[in-house]
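What follows is each chain in one-letter form.
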Amino acid sequence: MDRAFRILCQSETRRLLTLLGLTAVLVLVVQYAELPYGKMLFLIPSIHKISNSQIETSLGYSEIEGNNNRSNASSLNAFEAMASSPAPLSSALAPETKNFTANDVISPVNNIDFTSLKIEPPSFAPQFVISMTSTTALGSETEPRNPVISVPSNATSVKSDATKRGYSSKSRKDNPTTGKTSKKRPSKVVSISEMNLMLEQSHASFRTVNPRETSGVDQQIEQARLEIENAPIIEKDSRFNSPIYRNASIFKRSYELMEKMLKVYIYQDGDKPIFHEYLLDGIYASEGWFMKQMEANKQFVTQDPGKAHLFYIPFSSRLLQLTLYVKNSHRRSNLIEYMRNYVDKIAAKHPFWNRTNGADHFVVACHDWAPAETRGRMLNCIRALCNADIEVGFKIGKDVSLPETYVISAQNPVKNIGGNPPSQRPILAFFAGGLHGYLRPILLNYWENKEADMQISRPLPHVRGNVNYLQLMKSSKYCICARGHEVNSPRVVEAILNECVPVILSDNFVPPFFEVLNWEAFAVIVTEKDIPNLRNILLSISEESYLEMYKRVKQVQEHFLWHGEPVKYDLFHMILHSIWYNRLFQTRH
Ligand SMILES: *[C@@H]1O[C@H](CO)[C@@H](O)[C@H](O)[C@H]1NC(C)=O
Ligand SMILES: *[C@@H]1O[C@H](CO)[C@@H](O)[C@H](O)[C@H]1NC(C)=O
């Protein structure tokens, strides 16, 4: 199957593609016959309508696209349909639990309020099949089964032990499916101004709590907070004098104090590869780069826990999934239990966790499942998460929205940055990507092939190094960052690196470094329900405002860059800073 896929992706002729596609589908159908509906799918006469483009789309990332043919356009692909669980959890699920599969839910290890759950019986197969072959099904958003097989991983020369062991992180969206059910539109949409308010309240609420600062570390924290609150107003000619910051004076002061004071203790506990190992490429690379640079750091790391302001739990959510997720098991309760056991262990062995109930502990985790893996006791930690979704428990002012960075070359993570000047950006809006989640089919339905200046499409044909994709970003004014299965997308950082103004189309997504950056100054935030107005919204932005935003995108770029050796204000320092900043303003219980 592996080979069949590679050939599929490279072949030029449609006929061969069709034949191979059919073969692949047959093989898959046979392979998945263990699923209750596998056999039934096999019998559907219309199965031959599943086109090559659909199969490729199911792989989901522009890296390996072969054929962008629209003729058989269906918004649901065969793999997703087959992989998707036929038993949807009720949309009435509490937000905290909606990510779980039925298996997770019945497991005793999840700390879930069972009373809030309703599990519906499996819907009926024939219905499911009909919707699969129709062109409008928006329901399935399950990840493709194991697309890692079709991704060449030899392009990366910097490899961690984990990579040597055969784990690949190359693909754009490559975690195996949970068989989890459709995530519906969020029931409540929190606007960006409401998020701003939540941040203010989170920090303001601190003052209403009487701090019982006793230790030296606590006094330092209190001191730093006071200095930040009374930060001197920055000079006009300061490099920080830019609207990209919420409050440049505060950021500058807080950053300086971090450099001067911050000490981090790193737990040595935890077995490899889940702890102390990392992957440096692919879409989950942020957690890997952070871990590598944190563990190697001399300035901030202390061996003396008595001096530490923060305690780092160095786990990789990606390696946790690659190591422990049982393929096709459709359950991740064992992953959650693994993390829970870890916390129990460090809380029993060291005095640090119990002192604050974990509030001065932090994790940095980019995999989609990280919010689930850090539930329970770990909810009290500062969690830097790519999947920064208010609906799944992300706490503004405590948790940190971790930028998802798609690192193609771990040796040169800042390769190809930059883009055309504004005058050479003829495309108004650009998006290319797989139809993950409920939103993208809607986006494409409205805008694919509708207007000449709206370059909205499925994944582009594969070109080595993703050149097509990057060229379009570099030639577009606005880049649409539409949510996929989860709220986050590597497009936000890609847009910034290619100097394309990001358009965030993902309700309840908290943008990266929200506590520091003023996203409205350099990005456009469009609510999902405004997809039909997308073009009008963008056209209504004056040339002058666009040029301002373009300039600010270039200013903010330095905060989204990985460097082999960390440099001031880069991504490593920004992540650490946001954790530090939220620690300072944390409410004590
Ligand atoms: C930024 O924060 C400082 C320190 O708290 C404050 O004095 C100043 O007014 C703030 N500036 C803005 C623009 O809010
Ligand atoms: C921390 O608290 C737990 C109970 O929540 C207890 O079992 C554990 O022994 C405590 N750890 C230490 C180091 O005292």
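If you're wondering where the values come from, they're calculated on a predicted model, not measured in any experiment. (Residues numbered from 1 in each chain as written. Chains lettered and ligands numbered in written order. Predicted model: local features only at pLDDT ≥ 70, side-chain atom pairs only at ≥ 80, totals over all residues. Heavy atoms only, no water.)

1. Some points on the packing of helix 11 (residues 248-261) against helix 22 (residues 571-584)
Then, number 1: One way to put it is that helix 11 packs onto helix 22 with a least axis distance of 10 Å and a crossing angle of 95°. One element, helix 11, and the other, helix 22, form an angle in the roughly perpendicular class. Packed against helix 11, whose contacting residues are I250, F251, S254, Y255, L257, M258, E259 and M261, the element helix 22 presents H573, M574, L576, H577, W580 and Y581 at the interface.
Then, number 2: A per-class count over the contact of helix 11 with helix 22 returns 10 nonpolar, 3 polar and 1 charged. (Axes fitted to C-alpha atoms, helices over the stretch in contact; angles between N-to-C directions. Helix = DSSP H or I, 4+ residues; strand = E, 2+ residues; numbered from the N terminus. Parallel < 35°, antiparallel > 145°, perpendicular 65-115°, else oblique. Contact = heavy atoms within 4.5 Å. Nonpolar A, V, L, I, M, F, W, Y, C, P; charged D, E, K, R; others polar.)

2. Some details on the pairing of strand 9 (residues 501-505)
Then, number 1: Judged by how many residues are buried, strand 9 sits mostly within the fold: 5 of 5 residues are covered.
Then, number 2: Along strand 9, one buried face is formed by V501, V503 and L505 and the opposite face, lined by P502 and I504, is buried too.
Then, number 3: Pairing geometry for strand 8 (residues 476-482) and strand 9, over 5 bridges, is parallel. Opposite A482, over in strand 9, you have L505 as the bridge partner.
Then, number 4: Handedness of the strand 8-helix 19 (residues 491-497)-strand 9 crossover: right-handed. (Buried < 20%, exposed > 50% of the residue type's maximum accessible area, 1.4 Å probe, protein only. Pairing = 2+ DSSP bridges. Right-handed = clockwise from strand over helix to strand, strands pointing away.)

3. So, the environment of S242
Then, number 1: Of note, S242 is situated in the loop between helix 10 (216-229) and helix 11.
Then, number 2: At 2.6 Å, the side chain of S242 and the side chain of Q555 are in polar contact. (Polar contact = N/O pair within 3.5 Å; in protein donor to acceptor, adjacent residues only side chain to side chain.)

4. Focus on the packing of aromatic side chains
Then, number 1: Applying the stated criterion to the full structure yields 29 aromatic pairs.
Then, number 2: Arranged with centres 6.2 Å apart and planes meeting at 75°, the rings of F290 and F362 form a pair that is edge-to-face. On the criterion of sequence distance, the pair formed by F290 in helix 12 (residues 285-295) and F362 in strand 3 (residues 361-365) is long-range, its members being 72 residues apart.
Then, number 3: For F290, a relative accessible area of 0% translates into the label buried.
Then, number 4: Taken together, a centroid distance of 6.1 Å and an interplanar angle of 70° make the contact between W519 and F560 edge-to-face. (Phe/Tyr/Trp six-rings, centres within 6.5 Å; stacked < 30°, edge-to-face > 60°.)

5. Some words on the packing of helix 12 against helix 22
Then, number 1: The geometry of helix 12 relative to helix 22 is characterised by a closest axis approach of 10 Å and an angle of 85° between their N-to-C directions. It follows from the interaxial angle that helix 12 and helix 22 lie roughly perpendicular. On helix 22, the residues that touch F290, Q293 and M294 of helix 12 are F572, I575 and L576.
Then, number 2: Of the residues that constitute the contact of helix 12 with helix 22, the class distribution is 5 nonpolar, 1 polar and no charged.

6. What about the site of ligand 1?
Then, number 1: Taken together, E229, A231, I233, N247 and I250 are the residues near ligand 1.
Then, number 2: Taking E229, its main chain carries an N or O atom lying 2.8 Å from an oxygen atom of ligand 1.
Then, number 3: N247 is positioned such that a nitrogen or oxygen atom in its side chain is 2.3 Å from an oxygen atom of ligand 1.
Then, number 4: When ligand 1 is considered free in solution it has 360 Å² of accessible area, and contact with the protein chains removes 45% of it. (Near = heavy atom within 4 Å. Areas by Shrake-Rupley, 256 points an atom, 1.4 Å probe, with all protein chains shown as cover.)

7. Regarding the site of ligand 2
Then, number 1: The full set of residues close to ligand 2 is A347, A348, H350 and N354.
Then, number 2: In the model, a nitrogen atom of ligand 2 is placed 2.7 Å from a nitrogen or oxygen of the A347 main chain.
Then, number 3: In this structure, an oxygen atom belonging to ligand 2 sits 2.4 Å away from a side-chain N or O atom of N354.
Then, number 4: Burial of ligand 2 by the protein chains amounts to 38% of its free accessible area of 360 Å².

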